[in-house]
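Topology and contacts: notes
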Amino acid sequence: MSQPQQHTQVGNYLAQAMQIYRHKALQVMKFWYQRRIRNWLNGRTIQSFASLLVIGAVLSMLVASCGSSSANNADVKLRLVSFSVTKAAHDQIIPKFVEKWKQEHNQNVIFEQSYGGSGAQTSAVIEGSQEADIVHLALPLDVSKIQQAGLIKAGWEIKSPRNGIVSRSVATIVTREGNPKNIYTWQDLAKDGVTLIAANPKTSGIAIWEFLALWGSITQAGGDETTALDYVAKVYKNTPPLTKDAREASDLFFQKGQGDVLITYENEVILAEKAGRKLPYVVPKINISIDNPVAIVDKNVDKHGTRKVAQAFVDYLYSTDAQREFAKLQYRPVNPTVAQEVLSEYPQVDTLFTSQDLGGWDNIEKKFFGDGAIFDKAIAGKKA
């Protein structure tokens, strides 16, 4: 028997012993109470009446205590809404948290889980068809949308460690076998004769990261915004019609054999490689930190009465145990201890920039993806 199992058995034994003790005490007090009632009916003395009131009060407290204990240990349901590729990690993390909470609080936590495209999940939470207590999404912009809808309080990103970022990856360039077009850097994507399969940033989360990676490969290397706009415009001229989402882009590249290049998450490429599917890929030395946020949905936890356990689960996601599970699935850990443990397992990135280096998400949404903004300017030549 493992030590955690032993602790659980001891905890259960103590809880049962306390229940037996309360029951025995209640029986004794009832016997005394009945005796005092008989004495009072026979003698009706002030002293016996006072004793009757005291014993009645004690009995009331014992009954309330038993009822309170039972209520506090009732099962609690926690609703987690996340994006698709995190399911494998949560399948490992959730049972560990459930066991930990049971040991510490003698209470069962039942998880109701939903996985899908980050944008679709965000819309479902806002519309109310998914009453999430916790969201773990592909990009902070999605959490910001839920905040703007009034479901999450402002400042959510400072209520958790690492500014609310709980899992992380970088962008990876996948090529055809043998890399016949000699694609090794971001700049190679703008060469004549190269076809990039890409999704539309206005409908796809990974496409937003892709566009920002392309833009930042110029501006974070010392180039100005005019040079960056010229570069991304050349890249998007090399794309066929943009797909709606990452899944459709992947199907075109892998299943239908279209294009020379696909940009995707590093963790998906390495995980596919470990599963026996060899994908030729390059991790550019200048790269963007693809940050996946977690947040408590304030309106829903208050409605469900689950704030305490929801906060505990969010905190647990940053623990070494949970971060090691993310690392097994090739996410780059945000926990410094685990990040150091697995550092040698990932290709080195010389310049890792973040959304904050590009002005933060409020600025990014308006500057790059609003109507008539930089993305629209970049693809204007493609439409001509």
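Structure: see above.
Description of the structure in this document. (Residues numbered from 1 in each chain as written. Predicted model: local features only at pLDDT ≥ 70, side-chain atom pairs only at ≥ 80, totals over all residues. Heavy atoms only, no water.)

Brief notes about the environment of Asn-287
Along the chain, the position of Asn-287 falls in strand S9 (residues 286-288). Exposure remark for Asn-287: the relative accessible area of 0% places this residue in the buried category. Taking C-alpha positions, Asn-287 is 8.8 Å from Leu-214, a pair spaced 73 residues apart along the chain. Those residues in contact with Asn-287 that sit more than four places away from it in its chain are Val-170, Ala-171, Trp-186, Val-349, Thr-351, Leu-352 and Phe-353. (Helix = DSSP H or I, 4+ residues; strand = E, 2+ residues; numbered from the N terminus. Buried < 20%, exposed > 50% of the residue type's maximum accessible area, 1.4 Å probe, protein only. Contact = heavy atoms within 4.5 Å.)

Digging into the sheet that holds strand S7 (residues 261-265)
One open sheet holds the 4 strands; their spatial order is S6-S7-S5-S8, and the pairing between them is mixed. The sheet terminates laterally at strand S6 (196-197) and strand S8 (281-282), the two strands that pair on one side only. Judged from the 2 bridges that link them, S6 and S7 form a sheet pairing that is parallel. Pairing of Ile-197 across the sheet is with Leu-262, part of S7. (Pairing = 2+ DSSP bridges.)

Some remarks on the packing of helix H6 (residues 205-219) against helix H14 (residues 361-369)
Packing of H6 against H14 leaves a shortest axis separation of 12 Å and a crossing angle of 85°. For the element pair H6 / H14, the angle class is roughly perpendicular. Note on element contacts: H14 touches H6 through Trp-361, Ile-364, Phe-368 and Phe-369, opposite Ile-208, Trp-209, Phe-211, Leu-212 and Trp-215. When its residues are assigned to classes, the contact of H6 with H14 shows 9 nonpolar, no polar and no charged. (Axes fitted to C-alpha atoms, helices over the stretch in contact; angles between N-to-C directions. Parallel < 35°, antiparallel > 145°, perpendicular 65-115°, else oblique. Nonpolar A, V, L, I, M, F, W, Y, C, P; charged D, E, K, R; others polar.)

A few points about the sheet that holds strand S1 (residues 76-83)
The strand order across the open sheet formed by 5 strands is S2-S1-S3-S10-S4, and the pairing between neighbours is mixed. In this open sheet, the two edge strands, each paired with only one partner strand, are strand S2 (109-116) and strand S4 (165-169). Averaged over all neighbouring strand pairs, the angle between strand axes comes to 15°, with direction disregarded. Pairing between S1 and S2: 8 bridges, direction parallel. Bridge pairing in S2 places Leu-80 opposite Gln-113. Packing against the sheet, helix H5 (residues 140-148) makes contact with strand S3 (134-136), S4 and strand S10 (290-296), and its axis sits at approximately 30° to S10.

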